[in-house]
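Summary of the model geometry
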Amino acid sequence: MDEELYKENILDHYKHPRNKRKLPAFSMKGEGINANCGDAVALYVRLEGSRAADASFTGEGCAVSQASASLLTEKLRGMALPELRMLAPGDVYTMLGVKISPGRANCALLPYEALQKA
């Protein structure tokens, strides 16, 4: 996939976010706020046993932060708790698929920060 397709993917997840809702019953919740721009994300995960049965997010922000949250919630579904704990910032960058400038790194990693707090 070339970078242009990844950019289209980010815009698609921004305009049509997946899992953007508050879970009615959740096991974990974390929140992140980017003080530089005001983006905010709350991430919800519902566990069944030791697996993420569902994941969702709420919040507002730029295309990068919202697409990152949408992509991350899709990735989390079905993951075992130890796998969730092993996620790293590089995994988020890989999901986004484009080079993120240093000024946009906080936006891209906002959902990851929320997951770490959960």
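Summarised in this report is the structure supplied together with it. Being a predicted model, the structure only gives us computed values, none of them experimental.

**A few points about the overall build of the chain**
Summing up its helical and strand segments, the chain has 5 helices and 3 strands in all. Starting at the N terminus and ending at the C terminus, the chain contains elements arranged as α-β-β-β-α-α-α-α. Its C-alpha atoms give the chain a radius of gyration of 13 Å, within 12% of the compact-globule value 13 Å for 118 residues. In terms of principal-axis extent, the alpha carbons of the chain reach across some 40 × 30 × 25 Å. Sorting the 118 residues of the chain into buried and exposed places 44% on the buried side.

**A word on the nonpolar core**
By size, the foremost hydrophobic cluster in this structure holds 31 residues, and its most contacted members are L43, V45, L72, L76, L87, L96 and L115. Elements with a minimum of two residues in this core: β2 (40-48), β3 (51-60), α2 (63-76), α3 (81-86), α4 (89-96) and α5 (105-117). The biggest single contributor to this core is α5, with 7 residues. Excluding its chain neighbours within four sequence positions, the residues that come into contact with L43 are M28, K29, G30, S56, F57, L72, T73, L76, P111, A114 and L115.

**Here we look at the sheet that holds β3**
Sheets are built from strands that pair by backbone hydrogen bonding, the pairs being arranged parallel or antiparallel. Pairing is antiparallel in the open sheet, where 3 strands are placed in the order β1-β2-β3. Lying at the two open borders of the sheet, with one neighbouring strand each, are β1 (28-33) and β3. The mean inter-strand angle of the sheet, taken between neighbouring strand axes irrespective of direction, is 15 degrees. As judged from the 6 bridges shared by β1 and β2, these two strands associate in the antiparallel manner. Each residue of the ladder has a partner; that of I33, found in β2, is A40.

**What to know about the packing of α2 against α4**
The contact between α2 and α4 brings their axes to 10 Å, and the two run at 105 degrees. Comparing their axes, α4 and α2 come out roughly perpendicular. Residue-level inspection shows V64, A67, S68, L71, L72 and K75 of α2 in contact with α4, the latter providing V92, M95 and L96. Its residues assigned to classes, the contact of α2 with α4 comprises 7 nonpolar, 1 polar and 1 charged.

The rules behind each value
- Residues numbered from 1 in each chain as written.
- Predicted model: local features only at pLDDT ≥ 70, side-chain atom pairs only at ≥ 80, totals over all residues.
- Heavy atoms only, no water.
- Helix = DSSP H or I, 4+ residues; strand = E, 2+ residues; numbered from the N terminus.
- Rg over C-alpha atoms; globule rule 2.2 N^0.38 Å.
- Buried < 20%, exposed > 50% of the residue type's maximum accessible area, 1.4 Å probe, protein only.
- Core = buried A, V, L, I, M, F, W, Y, C linked by side-chain atoms within 4.5 Å.
- Contact = heavy atoms within 4.5 Å.
- Pairing = 2+ DSSP bridges.
- Axes fitted to C-alpha atoms, helices over the stretch in contact; angles between N-to-C directions.
- Parallel < 35°, antiparallel > 145°, perpendicular 65-115°, else oblique.
- Nonpolar A, V, L, I, M, F, W, Y, C, P; charged D, E, K, R; others polar.

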